[in-house]
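Below, each chain spelled out in residue letters.
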Amino acid sequence: MSAHQKYKYENDYKPDENRNKGASRWSHCRKRGADGSLRKSHSVEEPGKCSQSSRRPESFTTPESEGPVSRVKNWGDEVEAEEMRSNVRRDMHRYRRRILEADFPQRERKISSGSSDSRDSRDSKESPAKGDIETDETTLIRRQKQINYGKNTLAYDRYIKEVPKHVRQPGVHPKTPNKFKKYSRRSWDQQIKLWRVKLHAWDPPAEEGSDLQQIEEIDLGEIMDFELDVECSSNTESHCPTSSGGSLSLAEDSFTGTPKKMMKIEDAEMS
Amino acid sequence: METSSKEEYKIQSFDLETQQLLKTALKDPGSVDLEKVSSLIVDQSLKDQIFSREAGRICYTIVQAEAKQTNGNVFRRNLLNRLQQEFKAREETRKRSTQEWVCLVSFICNIFDYLKVNNMPMMALVHPVYDCLFRLAQSDALKNEEEVDCLVLQLHRIGDQLEKMNMQLMDELFNLLRDGFLLQEDLSSMGRLLLLEILEFRAGGWTLSETAQKYYYSEVTD
């Protein structure tokens, strides 16, 4: 065999990696488990399932482990990564075209209205200049993954069904961060966090026993309250999202129940 | 309707219960155990020559159906990982049964042909496919007509795509084939003919000239 054997198919792939099937604190909110299968909305995670931290696959490298292990992934993962890359590229083409169209709105209308080369505010804030979009693929893929986590929730599903795009009000309704705009890492991560917190308003109502929940809620409510700018009722049933200083003018009835974050603690303790 | 989907996907060789499961998987993938479905498909393609060459189609349809219905990837992931396992064990498979081995190669190549990612072939499969073809181009394989037949079939079907993905490997492969054709003494005459045809086929840009077509594929009357 000739030079084509420069690539190797080493042993350590595990098609049934446990971390794909393990339950985690947030499993309840996810529409889909990490192995891709759809979760039924209120399934309880079995106590026997291992948590994410135990039984890592061999290819997992940490400073404490024996050193670098072969990182050859399984084909399933490789193809998914390929797909994400090509999706991101496709999204970028579309986005670039959209910006170009925004830069050149219908000429006829502009001329007849008598305005000179005016650009409305949306251009400066919303559509970045052609050269100023994020193009680094690693960054885009990382951002897309974060967006996918958020979209892979029951809350998101319910949100898009309930609030069609033309009804959405900026500030009130969560808006997916634009991965093509230039932001610092911190800024982006914060936007994602805020977006996901806002989405919790559309979490499905819970079914588990509420007594334990209320205890947990009170504890966390105390911790969270001092960070907030938002008016919250002291009622333990309603919740307030964390916010690092920005004031959120959210209508109280946009929250339909306890945030799932709080409930997950008791789930983990129960299992 | 019934027969046409059997025909289209070549699932006649499955037992009726499995056929039903497959049909459900095509229409309502979220309702079936897709890991099981992928397993059944791989198992069958290793046994059934005809299915191994056509299974890509049904796999593609299930992948699309699942993506559309649930935005999921379970079927594809399980299929590929199972395929990877079989690929890893290919040398043992070849020793155990030539038939199974050629089925495996046909199946992998058919999947490569059908399961595209955003209309591009799956890059992850390029080297594995080449691996298989290189194996078939070794002298111990070339002397088996069954293996030569499999090799040329794959090159007819996906040669041009493979070449686009990696020209250098295709060149190397064809060097082996040319050497085999010219130098190897224990080829069957059919084997030799098949090799000659594929050499011309590629030389002609992955198509057969009219003269070549006449030479290889028409009856000679005297």
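Everything numeric here is computed off the predicted structure, so don't read it as measured data.

(A) Geometry of the overall build of chain A. Tallying secondary structure elements over chain A gives nine helices and zero strands in all. Reading the helices (α) and strands (β) of chain A from amino to carboxyl end gives α-α-α-α-α-α-α-α-α. Looking at chain A residue by residue over its 271 residues, the buried ones come to 35%. A fraction of 66% describes how many contacts in chain A between residues 6 or more apart in sequence connect residues 24 or more apart. Surface summary for chain A: the accessible area is close to 17100 Å², and the carbon and sulfur share equals 50%.

(B) Expanded view of the overall build of chain B. Secondary structure summary: chain B contains 13 helices and two strands in total. Taken across its 222 residues, chain B has 53% of its residues classed as buried. Expressed as a percentage of contacts within chain B between residues at least 6 apart in sequence, the contacts between residues at least 24 apart total 65%.

(C) Highlighting unusual backbone geometry. All names here are of chain B. Unlike most non-glycine residues, K10 shows phi in positive territory, near 55 degrees. Within the fold, K10 resides in the loop between α1 (2-9) and α2 (16-27). Look at N71: it is not a glycine, yet its phi comes out positive at around 60 degrees. Relative to the assigned elements, N71 resides in the loop between α4 (49-70) and α5 (74-88).

(D) Quick peek at helix α7 (residues 185-199) of chain A. Along its 15 residues, α7 of chain A runs 21 Å from first to last C-alpha, staying within 8% of the 21 Å computed at 1.5 Å per residue. Taken together, the buried positions of α7 of chain A are W188, I192, W195, V197, K198 and L199 of chain A.

(E) Molecular detail of α2 of chain B. Residue and element names in this part refer to chain B. The end-to-end C-alpha distance of α2 is 17 Å, a good match for the 16 Å that twelve residues give at a rise of 1.5 Å each. All buried positions along α2 are accounted for by T18, Q19, L22, K23, A25 and L26. Viewed end-on, α2 has its buried residues packed into an arc of 155 degrees, placing them on one side of the element. Those residues of α2 that are exposed and aimed more than 90 degrees away from the buried face are L16, E17 and K27. The N-cap residue of α2 is D15: its side-chain oxygen and the backbone nitrogen of E17 are 3.0 Å apart.

(F) Region of the structure containing the environment of E163 of chain B. Residue and element names in this part refer to chain B. Along the chain, the position of E163 falls in helix α10 (residues 145-165). Residues E163 and R202, 39 residues apart in the sequence, show an inter-C-alpha distance of 9.9 Å. Apart from the residues within four sequence positions on either side, E163 is in contact with Y130, M170, R202 and W206.

(G) Molecular detail of a nonpolar patch on the surface. All names here are of chain B. On the surface, a nonpolar cluster with roughly 300 Å² of combined accessible area is contributed by M190, L193 and Y215. Summarising the element assignment, Y215 is placed in helix α13 (residues 210-217). The class of Y215 is exposed, set by a relative accessible area of 54%.

(H) Examining the pattern of salt bridges more closely. Residues and elements named next belong to chain B. Taken as a whole, this structure holds 19 salt bridges over all chains when the rule is applied. With a closest N to O distance of 3.3 Å, R157 and E54 form a salt bridge. With R157 in helix α10 and E54 in helix α4, the pair connects residues that are 103 residues apart, well separated along the chain. Here R202 and D171 are joined by a salt bridge, their closest N and O atoms 2.7 Å apart.

(I) Representation of the packing of α5 of chain B against helix α7 (residues 98-114) of chain B. Residue and element names in this part refer to chain B. α7 packs onto α5 with a crossing angle of 145 degrees between their chain directions and a minimal axis gap of 11 Å. Judged by the twist between their axes, the crossing of α5 over α7 is left-handed. Each of L79, L83, E86 and F87 in α5 lies in contact with α7, whose residues at this interface are L104, F107, I108 and I111. For the contact of α5 with α7, the class distribution of residues is seven nonpolar, no polar and one charged.

Conventions used here
- Residues numbered from 1 in each chain as written.
- Chains lettered and ligands numbered in written order.
- Predicted model: local features only at pLDDT ≥ 70, side-chain atom pairs only at ≥ 80, totals over all residues.
- Heavy atoms only, no water.
- Helix = DSSP H or I, 4+ residues; strand = E, 2+ residues; numbered from the N terminus.
- Buried < 20%, exposed > 50% of the residue type's maximum accessible area, 1.4 Å probe, protein only.
- Contact = heavy atoms within 4.5 Å.
- Areas by Shrake-Rupley, 256 points an atom, 1.4 Å probe, with all protein chains shown as cover.
- Expected span 1.5 Å × (residues − 1).
- Arc of directions from axis to C-beta.
- Polar contact = N/O pair within 3.5 Å; in protein donor to acceptor, adjacent residues only side chain to side chain.
- Patch = residues over 30% accessible without salt bridge, like charges linked within 9 Å, V, L, I, M, F, W, Y side chains within 5 Å.
- Salt bridge = Lys/Arg side-chain N within 4 Å of Asp/Glu carboxyl O.
- Axes fitted to C-alpha atoms, helices over the stretch in contact; angles between N-to-C directions.
- Left-handed = near helix turned anticlockwise from the far one by under 90°.
- Nonpolar A, V, L, I, M, F, W, Y, C, P; charged D, E, K, R; others polar.

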